Protein chains: 2
Amino acid sequence: MNAIAQAPVTPGFEAYPLPGSACEGTFDIPGEFALHHGGTLTAVRVGWRMVGPEHAPVVCALGGISASRRVCLTEKPRESWWQEVAGPGRPLDTERFRVLSFDFLGGSGETSGPAPGETFPSVSTYDQAEVLLRLIDHLGVRSLRAIAGGSYGGMVALAFAERYPERVARLIVLCATDRPHPLGTAWRSVQRDIVRLGIESGRAREALALARALAMSTYRTGEEFQARFEGLPVLDEGRFRLPVERYLHARGEDYALRNRPEAFLCLSESIDLHRVDAARICVPTAAVAVREDMLVPLTDVRGMVARLHSARLHEISSIYGHDAFLKESQQLHGVFAAALDSH
Amino acid sequence: MNAIAQAPVTPGFEAYPLPGSACEGTFDIPGEFALHHGGTLTAVRVGWRMVGPEHAPVVCALGGISASRRVCLTEKPRESWWQEVAGPGRPLDTERFRVLSFDFLGGSGETSGPAPGETFPSVSTYDQAEVLLRLIDHLGVRSLRAIAGGSYGGMVALAFAERYPERVARLIVLCATDRPHPLGTAWRSVQRDIVRLGIESGRAREALALARALAMSTYRTGEEFQARFEGLPVLDEGRFRLPVERYLHARGEDYALRNRPEAFLCLSESIDLHRVDAARICVPTAAVAVREDMLVPLTDVRGMVARLHSARLHEISSIYGHDAFLKESQQLHGVFAAALDSH
């Protein structure tokens with residue numbers, strides 16, 4: 001398989017080799033793309049990226065709604081969303097596997113998404129799964145050794161396995177289940193309403209930063225916040241600021257520079273519309289649950305594992321809560337080894 | 001003691017008897033009122049209310065930032081914020097105790113607070129404690145049998161006990177500690193930023209409703225939300241709505257009709273500026289911690305109890321999380337009995 005040679009020349013950026021073993025490109029899905037929740041898109045473009053040895057088994061890595069095709073081994077390490085977990089000698093070892101990813105449909109990357117000011121149709125995790133199917137068809141990948149997905153990416157992995165079980169051998173699903181938890185939905189629905197208020201009042205960027213700040217305070221744990229932000233309030237420009245406030249503000253601003261409000265609305269909603277039928281998923285699955293995860297509680301992962309045909313539950317503890325799938329490299333070594341080597 | 005006779009006639013509403021044993025009134029604090037965080041107020045008015053037998057020991061009951069002087073036994077039960085816990089035969093028995101409360105300084109009630117469009121100075125829990133001191137002076141109450149405070153009211157109780165230990169015999173502090181937890185601060189700071197964005201863009205009421213929706217999703221527990229809001233999304237006016245979204249929207253709208261955005265900003269900030277010195281509090285204290293409380297974690301209450309001179313910790317479990325202090329009447333009977341009868 002030679003992904004570079006196969007990628008067609010499109011008006012987007014072409015498939016081209018990157019430093020080391022990386023290559024990336026875009027391709028256009030021909031014809032209409034029918035969406036799960038209704039409506040169709042035309043001329044869907046998909047931005048993808050791959051790293052790892054050319055003939056190694058392909059593992060698709062998918063992250064949260066703010067992740068991108070850039071999994072690891074980017075020129076600027078900050079541009080990688082999974083560099084603690086994927087890379088040479090990491091749990092997802094790029095010397096043994098070819099790691100594929102793509103920008104989500106409806107997001108802020110190179111894949112089709114809402115233009116500024118545009119409302120995009122509702123996107124399902126089944127739609128993302130279909131994008132992945134079209135992508136591996138395009139790249140000539142007969143079957144994925146695995147899909148390793150965290151958070152939203154885990155939901156997409158489940159959707160893919162339900163629909164296209166012959167195209168993937170294993171799932172590694174981290175901090176994700178077959179349906180969202182209503183408390184997470186509550187927090188995300190407030191985030192979307194903040195962004196809508198901002199768009200309607202001409203202050204979309206500020207609102208997106210604020211929504212991201214709220215999201216950040218659901219990804220981690222009280223224990224971590226306690227350890228990092230115990231300081232006293234400081235008077236600044238006429239009002240008191242607290243250490244945690246400064247942190248959330250900085251993280252939110254940074255996010256708002258790199259993401260479109262309309263794309264955030266689309267992918268955030270996609271999480272809350274996610275529902276797959278676990279009883280129809282037969283692909284062997286390693287499910288990772290974090291005891292401290294406020295968004296995806298352990299009991300929900302246990303419930304899903306009980307509904308899946310062939311699943312193993314890995315419970316871990318982490319001060320990073322939901323974000324453990326990005327951080328707990330050490331604890332994930334065994335999970336990846338068990339899932340990827342049992343082929 | 002006759003509160004009705006002692007309450008002076010002011011340009012506010014006068015002290016007057018209400019149905020049953022209730023009476024209420026306003027009084028003006030003479031001269032300047034110096035605020036803990038700097039600045040002074042003039043002509044501070046205090047709106048108060050009392051229910052229970054005229055010569056019974058007085059217990060001050062204080063709730064969260066959306067509570068008011070109306071603790072229980074109001075004509076419309078919905079106007080009472082603590083009716084599960086205070087009333088005839090309840091844990092705080094209005095046949096045995098006279099229950100006093102007041103509207104918080106800086107809030108939306110009859111006590112002085114920000115006018116629409118006005119920024120009010122920062123208010124400390126020590127300031128609320130001073131308001132209570134002035135109030136009991138005014139009413140001729142030498143010493144309170146207890147202050148029973150939940151959430152923000154518990155913080156005010158601690159501030160009062162630190163400053164005026166000779167004026168209160170017992171504290172019952174529910175879901176509150178000597179300092180706020182940074183994760184709670186994170187959630188509240190986002191709420192305040194939502195309201196500020198709304199004020200600045202002329203959509204303050206909507207923004208306040210949204211801030212309240214966020215607050216609601218931190219008061220309860222994932223378990224409760226799971227039990228109540230498991231339904232599917234429904235298409236409504238062109239976009240999907242989820243059951244929990246409808247609920248939060250309704251609760252937020254209701255709140256925004258009854259509260260001023262500027263008052264919310266003031267009292268929400270007051271929580272995050274709260275810091276008292278537990279080591280200087282000698283008043284015997286019953287502290288109630290709820291294991292499922294996301295805003296005031298059990299470990300924080302344990303820490304405070306260890307710092308207090310004379311405290312007993314009551315741990316309870318509740319699906320209502322932080323709101324357990326409003327709901328768990330049965331579990332609070334023993335706590336109130338132990339604290340109020342040990343005098």
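Each value, and the rule that gives it
- Residues numbered from 1 in each chain as written.
- Chains lettered and ligands numbered in written order.
- Predicted model: local features only at pLDDT ≥ 70, side-chain atom pairs only at ≥ 80, totals over all residues.
- Heavy atoms only, no water.
- Helix = DSSP H or I, 4+ residues; strand = E, 2+ residues; numbered from the N terminus.
- Rg over C-alpha atoms; globule rule 2.2 N^0.38 Å.
- Buried < 20%, exposed > 50% of the residue type's maximum accessible area, 1.4 Å probe, protein only.
- Contact = heavy atoms within 4.5 Å.
- Lys, Arg positive; Asp, Glu negative; His and termini not counted.
- Charge placed at Lys NZ, Arg CZ, Asp CG, Glu CD.
- Salt bridge = Lys/Arg side-chain N within 4 Å of Asp/Glu carboxyl O.
- Least-squares fit on C-alpha atoms with pLDDT ≥ 70 in both.
- Disulfide = S-S within 2.5 Å.
- Axes fitted to C-alpha atoms, helices over the stretch in contact; angles between N-to-C directions.
- Parallel < 35°, antiparallel > 145°, perpendicular 65-115°, else oblique.
- Left-handed = near helix turned anticlockwise from the far one by under 90°.
- Polar contact = N/O pair within 3.5 Å; in protein donor to acceptor, adjacent residues only side chain to side chain.
- Nonpolar A, V, L, I, M, F, W, Y, C, P; charged D, E, K, R; others polar.
- Domains from an automatic or database assignment.
- Buried area = accessible area lost by both parts, 1.4 Å probe.

### Notes on the overall build of chain A
Secondary structure assignment for chain A yields eleven helices and 15 strands. On C-alpha atoms alone, chain A measures out to a radius of gyration of 19 Å, which is about the 20 Å that the 2.2 N^0.38 rule sets for 343 residues. By its C-alpha atoms, chain A is 60 × 45 × 40 Å across when sized along the principal axes. Considering chain A as a whole, with its 343 residues, one finds that 63% of them fall into the buried category. In chain A, the share of contacts with a sequence separation of at least 24, taken over all contacts with a separation of at least 6, comes to 70%. Between the averaged position of the 37 positive side-chain charges in chain A and that of its 41 negative side-chain charges there is a distance of 2 Å.

### Concerning the pattern of salt bridges
Applying the stated criterion across every chain yields a total of 58 salt bridges over all chains. Between Arg203(A) and Glu200(B) there is a salt bridge, with its nearest N and O atoms 2.7 Å apart. In this pair, Arg203(A) is assigned in the loop between α4 (182-200) and α5 (204-219) and Glu200(B) in helix α4 (residues 182-200), connecting two distinct chains. For Arg203(A), a relative accessible area of 19% corresponds to the buried category. With a relative accessible area of 52%, Glu200(B) lands in the exposed category.

### Some details on the relation of the copies chain A and chain B
Screw-axis analysis of chain A against chain B gives a translation of 0.0 Å along the axis, an RMSD of 0.0 Å, and a rotation angle of 180°. This pairing of chains is accounted for by a two-fold axis. When C-alpha distances to the rotation axis are compared across chain A, the minimum falls at Ser201(A), with a value of 3.1 Å. When the interface residues of chain A are mapped onto chain B, 100% of them are again interface residues, pointing to one common binding face.

### A look at the state of the cysteines
All names here are of chain B. Evaluation of the coordinates by the stated rule reveals zero disulfides over all chains. Unpaired in this structure, Cys 23 has its nearest cysteine sulfur neighbour in Cys 72, at a distance of 12 Å. For Cys 23, a relative accessible area of 1% puts it in the buried group.

### Digging into the packing of α5(A) against helix α7 (residues 243-258) of chain A
Residue and element names in this part refer to chain A. Two elements in contact, α5 and α7, have axes whose closest approach is 7 Å; the angle formed by their N-to-C orientations is 125°. Put simply, α5 runs oblique to α7. The interaxial crossing formed by α5 with α7 has right-handed handedness. Between α5 and α7, the residues in contact are Arg 205, Leu 208, Ala 209, Arg 212, Ala 213, Met 216 and Ser 217 and Tyr 247, Leu 248, Arg 251, Gly 252, Glu 253, Tyr 255, Ala 256 and Leu 257, respectively.

### Focus on the environment of Glu118(B)
Its place among the elements puts Glu118(B) in the loop between β7 (98-102) and α2 (125-139). Spatially, the C-alpha atom of Glu118(B) lies 6.9 Å from that of Glu262(B), the residues being 144 residues apart in sequence.

### A short note on the environment of Glu253(A)
Residue and element names in this part refer to chain A. Note on placement: Glu 253 falls in helix α7. Along the sequence, Glu 253 and Leu 210 sit 43 residues apart, while their C-alpha atoms lie 8.1 Å from each other. When near neighbours in sequence (up to four residues on either side) are disregarded, Glu 253 contacts Arg 205 and Ala 209.

### Some words on the side chain of Ser112(A)
All names here are of chain A. Inspection of the secondary structure assignment puts Ser 112 in the loop between β9 (98-102) and α2 (125-139). Note on Ser 112: relative accessible area 19%, which makes it buried. Polar contacts involving the side chain of Ser 112 include one to the main-chain amide nitrogen of Arg 45, which spans 2.8 Å. If sequence neighbours within four positions are ignored, Ser 112 has contacts with Ala 43, Val 44, Arg 45, Phe 104, Leu 105, Gly 106, Gly 107 and Phe 120.

### As for the packing of α4(A) against helix α7 (residues 243-258) of chain B
Relative orientation of the contacting elements α4(A) and α7(B) amounts to 60°, with a least axis distance of 9 Å. It follows from the interaxial angle that α4(A) and α7(B) lie oblique. Judged by the sense of rotation from one axis to the other, the crossing of α4(A) with α7(B) is right-handed. Facing Pro182(A), Thr185(A), Ala186(A), Ser189(A) and Arg192(A) of α4(A), the residues of α7(B) in contact are Val244(B), Glu245(B) and Leu248(B). Residue classes in the contact of α4(A) with α7(B) are distributed as four nonpolar, two polar and two charged.

### Overview of the domain arrangement of chain A
Residue and element names in this part refer to chain A. Under the domain assignment, chain A is made up of domain 1 (3-180 + 277-341) and domain 2 (182-271). The C-alpha-based centres of domain 1 and domain 2 are spaced at 25 Å. Across the contact, 34 residues belong to domain 1 and 28 residues belong to domain 2. Interface of domain 1 and domain 2: buried area, both sides summed, is about 2,600 Å²; carbon and sulfur atoms make up 57% of it. Interface area lost by domain 1 to domain 2 is led by Ile 65, Met 294 and Leu 295, which between them contribute 26%. Along the contact surface separating domain 1 from domain 2 lie two salt bridges. Salt-bridge contacts for Asp 254 lead to Arg 78; the nearest nitrogen and oxygen are separated by 3.2 Å. The interface formed by domain 1 and domain 2 holds twelve residue pairs in polar contact (both at pLDDT 80 or more) in total.

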